[in-house]
Amino acid sequence: MKKISMKDIARELNTSITTVSFVINGKSAEMGISPATEKKVRDLIKKRGFNPNSAARILRTGKSKTIGLIVEDIGNYFFGNVAKIIEVEANKNGYSVFFSSTENNDDKARQLINKMRNSSVDGYIITATQGIKDEILKLKKENVPFVLIDRLIPDVETNYVILDNYLGSYNLTNHLIDNGYRKIGFISIYSEMSMMTEREKGFQKAIEDAGLPAQERHVLKVNFSDSEEKIIKSMVKFIKANPQLDALFFATNYLGVMGIDALQKCHLKIPADIAVVSFDDNDLFRLLSPSITVAAQPIKEIAIQSIDLLLKVIKKEQKQSMTVGEIIKPQIIIRESSPKRKK
């Protein structure tokens, strides 16, 4: 349903937006607006479900005191926890947060940005999908406050808070190598987004620096949009086709969860038959026996840095045109799934 605006109210009553504004702000008598006109405006506002308090605040201050948070999947461990912290920090500063998930779909991301724009949000925190470069450039051109999190858009200078995905992947791979693993499989998704390409680069560089042969058949990529069942089947096929592998590196936590399922279907035990590590932590990884080694994202730090940076731009303490980038280092949490190999 289309959002009702003051312009819609004025058009339907064949009056001016100024008249509607005066009624909303309680200035009818002061500005010489008749009781009959005032009643018509208030009755239509009630009938159409228009929010006059919100509208009045926007008129007075130019601010809605709302922030749009657009992430890949609000149900994901990482994004869900980031959203929770951003909401708490925003509320401390008098702001509400609108949450939405893109499901990594460009069209949905565009729709969400436009929908929130129509709702007069004061700024955005966005996990960009691959194909919304034009929308991000438009926000930048129109000087709309926004911060990108988790991933960058190539060749676009913006405010951002991201993880050093390359370093996290490099260090996680080195952990396996240092513990004696030499035939390491890498499982990721097809993606040109910065965080995924950097994770693969970090993995490949660690393999190269250790003098291990780079073999394409040790890498599996799946489509993000594929069903869980299809992805697990692809993993099972990959694992069975590469019995020489002594370790697996999953590039995301949801792939790691599916990978554990796939290994069980292949009747392989962690870590007796194969070691496992994953980029991104998950409650399941901590609670499993054996627990899973991860490169963990400092969720609280990422969330607080993101909302703090956005609020500085909204409050004009920082110019949108003067871009600020925060790169946060991941933490390698060593657990039971990747012990030193027995010689």
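Look up a bit, the structure's there.
These numbers come from a predicted model, not from an experiment.

Novice: Help me out: how do you make sense of the overall build of the protein chain in this one?
Specialist: From N to C terminus, the protein chain includes 13 helices and twelve strands. In terms of overall dimensions, the protein chain is more spread out than a globule: its C-alpha atoms have a radius of gyration of 25 Å, far above the 20 Å expected for 343 residues. Overall size of the protein chain, expressed as C-alpha extent along the three principal axes, is 90 × 40 × 35 Å. Burial status across the protein chain gives 48% buried among its 343 residues. Within the protein chain, residue pairs in contact and separated by at least 24 positions form 69% of the contacts whose partners lie at least 6 positions apart. Accessible surface, the protein chain as shown: approximately 17600 Å² in total, 49% of it carbon and sulfur. The protein chain carries 51 positive and 41 negative side-chain charges, and their two centres are separated by 4 Å.

Novice: Would you mind showing me how to read the environment of Ser225 here?
Specialist: Following the sequence through the fold, Ser225 ends up in the loop between strand 7 (219-222) and helix 10 (228-241). On the basis of relative accessible area, Ser225 is assigned to the exposed category, the value being 69%. Note: C-alpha distance between Ser225 and Ser169 (56 residues apart in sequence) is 23 Å.

Novice: Help me out: how do you make sense of empty space enclosed by the protein in this one?
Specialist: Empty pockets left among the atoms are what a rolling probe the size of a water molecule brings to light. Under the counting rule described, the total for this entry stands at one cavity of 30 Å³ or more. Put simply, the largest cavity is a space of about 120 Å³. Elements represented by at least two residues in the lining of the largest cavity include exactly helix 5 (77-92), helix 9 (194-209) and helix 11 (253-265). With three residues, the top contributor of residues to the lining of the largest cavity is helix 9. Of the residues that constitute the lining of the largest cavity, the class distribution is six nonpolar, four polar and five charged.

Novice: What should I look at first to understand the pattern of salt bridges in this one?
Specialist: Oppositely charged side chains may form a pair once their charged atoms are brought near each other. Inspection of every chain in the model, using the stated rule, returns 21 salt bridges. Here Glu208 ties to Lys205 by a salt bridge, and the two come within 3.8 Å at their closest N and O atoms. Of the two residues, Glu208 and Lys205 both sit in helix 9, three residues apart, roughly one turn of that helix. Judged by its relative accessible area of 53%, Glu208 is exposed.

Novice: Sorry if this is basic, but what is going on with helix 10 here?
Specialist: An α-helix turns once per 3.6 residues; consequently, residues spaced three or four apart project the same way. The end-to-end C-alpha distance of helix 10, which contains 14 residues, comes to 20 Å, matching closely the 20 Å that a straight helix rising 1.5 Å per residue would cover. Buried within helix 10 we find Ile231, Ile232, Met235, Val236, Phe238 and Ile239. Burial along helix 10 is one-sided: seen end-on, the buried residues are contained in an arc of 165 degrees. Exposed and oriented more than 90 degrees from the buried face of helix 10 are Glu229, Lys233, Lys237, Lys240 and Ala241.

Novice: I'm lost on the packing of aromatic side chains in this one. Help?
Specialist: Aromatic ring pairs are defined here through the distance separating the ring centres and the angle between the ring planes. Per the counting criterion, the structure on display carries six aromatic pairs. With 5.9 Å between their ring centres and 70 degrees between their planes, Phe203 and Phe249 make a pair best called edge-to-face. With a gap of 46 residues between them, Phe203 in helix 9 and Phe249 in strand 8 (residues 247-250) connect regions that are remote in the sequence. The class for Phe249 is buried, based on a relative accessible area of 0%. Both rings, one in Phe224 and one in Tyr254, keep their centres 6.0 Å apart while their planes meet at 80 degrees; by these two values the pair is edge-to-face. Of this pair, Phe224 sits in the loop between strand 7 and helix 10 while Tyr254 is found in helix 11, placing the two residues 30 residues apart along the sequence.

Novice: Honestly, the sheet that holds strand 11 (residues 325-328) in this entry has me stumped. Any pointers?
Specialist: Whenever strands of a sheet pair, they do so through backbone hydrogen bonds, lying parallel or antiparallel. The parallel open sheet is built from six strands, whose spatial order is 2-1-3-4-5-11. Taken across any chain shown, the strands that pair with only one partner, and hence form the sheet edges, are strand 2 (96-101) and strand 11. With strand direction ignored, the average angle separating the axes of adjacent strands in the sheet is 15 degrees. In the sheet, strand 4 (residues 146-149) pairs with strand 5 (residues 160-163) via two bridges, with the strands oriented parallel. Across the sheet, residue Ile149 finds its bridge partner in strand 5, namely Val161. Those strands touched by helix 7 (residues 133-141) are strand 3 (123-126) and strand 4, and its axis lies near 145 degrees from that of strand 4.

Novice: What should I look at first to understand the sheet that holds strand 6 (residues 184-189) in this one?
Specialist: Within the open sheet, the six strands sit side by side as 7-6-8-9-10-12. Their pairing is mixed. Each edge of the open sheet carries a strand with a single partner, namely strand 7 and strand 12 (331-333). Looking at each pair of strands side by side, their axes are set apart by 15 degrees on average, direction ignored. Bridging between strand 6 and strand 7 involves four bridges; their strand directions are parallel. Each bridged residue has a counterpart across the sheet, and for Ile189 the counterpart in strand 7 is Val222. Of the strands in this sheet, strand 6, strand 8, strand 9 (275-279), strand 10 (293-296) and strand 12 are in contact with helix 8 (residues 165-178), which crosses strand 9 at around 170 degrees.

Reading the values: rules and limits
Residues numbered from 1 in each chain as written. Predicted model: local features only at pLDDT ≥ 70, side-chain atom pairs only at ≥ 80, totals over all residues. Heavy atoms only, no water. Helix = DSSP H or I, 4+ residues; strand = E, 2+ residues; numbered from the N terminus. Rg over C-alpha atoms; globule rule 2.2 N^0.38 Å. Buried < 20%, exposed > 50% of the residue type's maximum accessible area, 1.4 Å probe, protein only. Contact = heavy atoms within 4.5 Å. Areas by Shrake-Rupley, 256 points an atom, 1.4 Å probe, with all protein chains shown as cover. Lys, Arg positive; Asp, Glu negative; His and termini not counted. Charge placed at Lys NZ, Arg CZ, Asp CG, Glu CD. 1 Å grid on protein atoms, 1.4 Å probe; cavity = no way out; pocket = protein on both sides within 12 Å on 5 of 7 lines; lining within 4 Å. Points joined across faces, edges and corners; volume = space filled by probe spheres on them. Nonpolar A, V, L, I, M, F, W, Y, C, P; charged D, E, K, R; others polar. Salt bridge = Lys/Arg side-chain N within 4 Å of Asp/Glu carboxyl O. Expected span 1.5 Å × (residues − 1). Arc of directions from axis to C-beta. Phe/Tyr/Trp six-rings, centres within 6.5 Å; stacked < 30°, edge-to-face > 60°. Pairing = 2+ DSSP bridges. Axes fitted to C-alpha atoms, helices over the stretch in contact; angles between N-to-C directions.

Fair warning: the whole summary comes from geometry, so function is off the table for now.
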